[in-house]
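What the coordinates show
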Amino acid sequence: MTNPAPRPLPALAAAVTVVLWASAFVAIRSAGDSYSPGALALGRLLSGSLALGLLCLVRREGLPPRSAWRGIGISGVLWFGFYMVALNWGEQQVDAGTAALVVNVGPLLIALLGARLLGDPMPPRLLAGMAVSFAGAVTVGLSMAGGGSSSVLGVVLCLLAAVAYAAGVVSQKPALARASALQVTTYGCLVGTVACLPFAGQLVHQVAGAPLSATLDMVYLGVFPTALAFTTWAYALARTTASRMGATTYAVPALVVLMSWLALGEVPGPVTLVGGVLCLAGVAVSRSRARARTRAPRTAPAAGEPHSEQVP
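Residues numbered from 1 in each chain as written. Predicted model: local features only at pLDDT ≥ 70, side-chain atom pairs only at ≥ 80, totals over all residues. Heavy atoms only, no water.

**Let's talk about empty space enclosed by the protein**
- For the structure shown, the criterion picks out 1 cavity of 30 Å³ or more.
- Looking at the largest cavity, its volume works out to about 150 Å³.
- Looking at the largest cavity, it is lined by 14 residues, and the ones nearest its centre are Trp21, Phe25, Tyr83, Leu87 and Val103.
- Contributing elements (two or more residues each) for the lining of the largest cavity: helix 1 (8-31) and helix 3 (69-91).
- Here the element with the most residues in the lining of the largest cavity is helix 1; it accounts for 4 residues.
- In terms of residue class, the lining of the largest cavity is built from 11 nonpolar, 2 polar and 1 charged. (1 Å grid on protein atoms, 1.4 Å probe; cavity = no way out; pocket = protein on both sides within 12 Å on 5 of 7 lines; lining within 4 Å. Points joined across faces, edges and corners; volume = space filled by probe spheres on them. Helix = DSSP H or I, 4+ residues; strand = E, 2+ residues; numbered from the N terminus. Nonpolar A, V, L, I, M, F, W, Y, C, P; charged D, E, K, R; others polar.)

Now the structure itself:
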């Protein structure tokens, strides 16, 4: 049996998510000079919640059903809340490309958790592609961690962010069977905002002294990589497995390396470039599909012979 061809809209939604999430690593790096990790996370979530809330009003989206709230709550705390704080902090210790590469051990964790908790299939091509991408992420992360204690701290924070990311995705998947992508994203963002409210004092204090460019970066993070990209992610996730969606995000590190080079002047080293190539190669393998095997034409069985079929 051949796998069905991917539908264009979910594939487009996944592509939008990957590009915007890649840009987020660069914007976080830029805004991190003026905002502390918690304040930046709260400002981003407030901007995202406002944008999503307005969209819900326009579309007249109601509250999610009660059965979806468990997944929304867990993903909101872990992915929208803890993940963003840990990632912001980690990006203050390592460059944007390394942060993206280390965080992207998350798809491997998603595959393992998805297979265990959601019953996701683990086809050989998906496993092979994720192994290649994982090798690229780990190689670059460990090589950068050798630069000193600050780099080690950054890698550890990014790994913690990856764990929260994986747990959040696996928690979100069942909620999408009961609520719309917009509902799951909006209320997950609101839960994350509430979880980050202890940083409100820092945000108020820092926004007064931050340059306009840093504040605009924070608003951009909320509107595009959060409100838009998390919604397109949820839309695509509802139509495929968590493992396959996780593998798609392995394209993020290569884009981050390019964007950080152009926007921040962070020239990638040879190991970083090799890691980016490995990540892209892994995505290509994991998203590829086996060619359909041709069936031999059936022939009528001769008299007295048992009926048999060709095995594909």
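Having seen the model, we can carry on.
**Examining the nonpolar core**
- Phe25, Tyr35, Trp79, Tyr83, Val169 and Trp233 are the most contacted members of the largest nonpolar core, which has 72 residues in total.
- The biggest single contributor to this core is helix 1, with 11 residues. (Core = buried A, V, L, I, M, F, W, Y, C linked by side-chain atoms within 4.5 Å. Buried < 20%, exposed > 50% of the residue type's maximum accessible area, 1.4 Å probe, protein only.)

**Section: the confidence of the model for the protein chain**
- Overall, the predicted model of the protein chain reaches an average pLDDT of 82, with 81% of residues at or above 70.
- Least confident of the elements in the protein chain is helix 4 (residues 96-103), whose mean pLDDT is 69; most confident is helix 8 (residues 181-195), at 98.
- Confidence drops under a pLDDT of 50 for residues 1-5, and excluding neighbours within four residues, the segment shows 3 contacts in the predicted structure.
- Taken together, the stretch residues 291-312 has pLDDT below 50 and engages in 8 contacts with residues farther than four places along the chain or on a different chain. (pLDDT = per-residue confidence, 0-100. Contact = heavy atoms within 4.5 Å.)

**Side note on unusual backbone geometry**
- Despite not being glycine, Arg60 has its phi angle at roughly 60°, a positive value.
- Mapped onto the elements, Arg60 comes out in the loop between helix 2 (37-59) and helix 3.
- On the basis of relative accessibility, which here comes to 76%, the residue Arg60 falls in the exposed class.

**A short note on a nonpolar patch on the surface**
- Taken together, Phe82, Val152, Val156 and Leu160 make up a surface patch of nonpolar side chains, about 320 Å² in accessible area.
- Top element by residues in the nonpolar patch is helix 7 (residues 149-175). It accounts for 3 residues.
- Looking at the secondary structure, you find Leu160 in helix 7.
- Judged by relative accessible area, Leu160 falls into the partly exposed class, the value being 40%. (Patch = residues over 30% accessible without salt bridge, like charges linked within 9 Å, V, L, I, M, F, W, Y side chains within 5 Å. Areas by Shrake-Rupley, 256 points an atom, 1.4 Å probe, with all protein chains shown as cover. Salt bridge = Lys/Arg side-chain N within 4 Å of Asp/Glu carboxyl O.)

**Remarks on the environment of Asn104**
- Mapped onto the elements of the fold, Asn104 is located in the loop between helix 4 and helix 5 (106-118).
- A residue is classified by how much of its surface remains accessible, and Asn104, at 4% relative accessible area, is buried.
- Sequence separation between Asn104 and Val252 is 148 residues; the distance between their C-alpha atoms is 8.1 Å.
- In this structure Asn104 touches Thr249, Tyr250, Val252 and Pro253, once residues within four positions along its chain are discounted.

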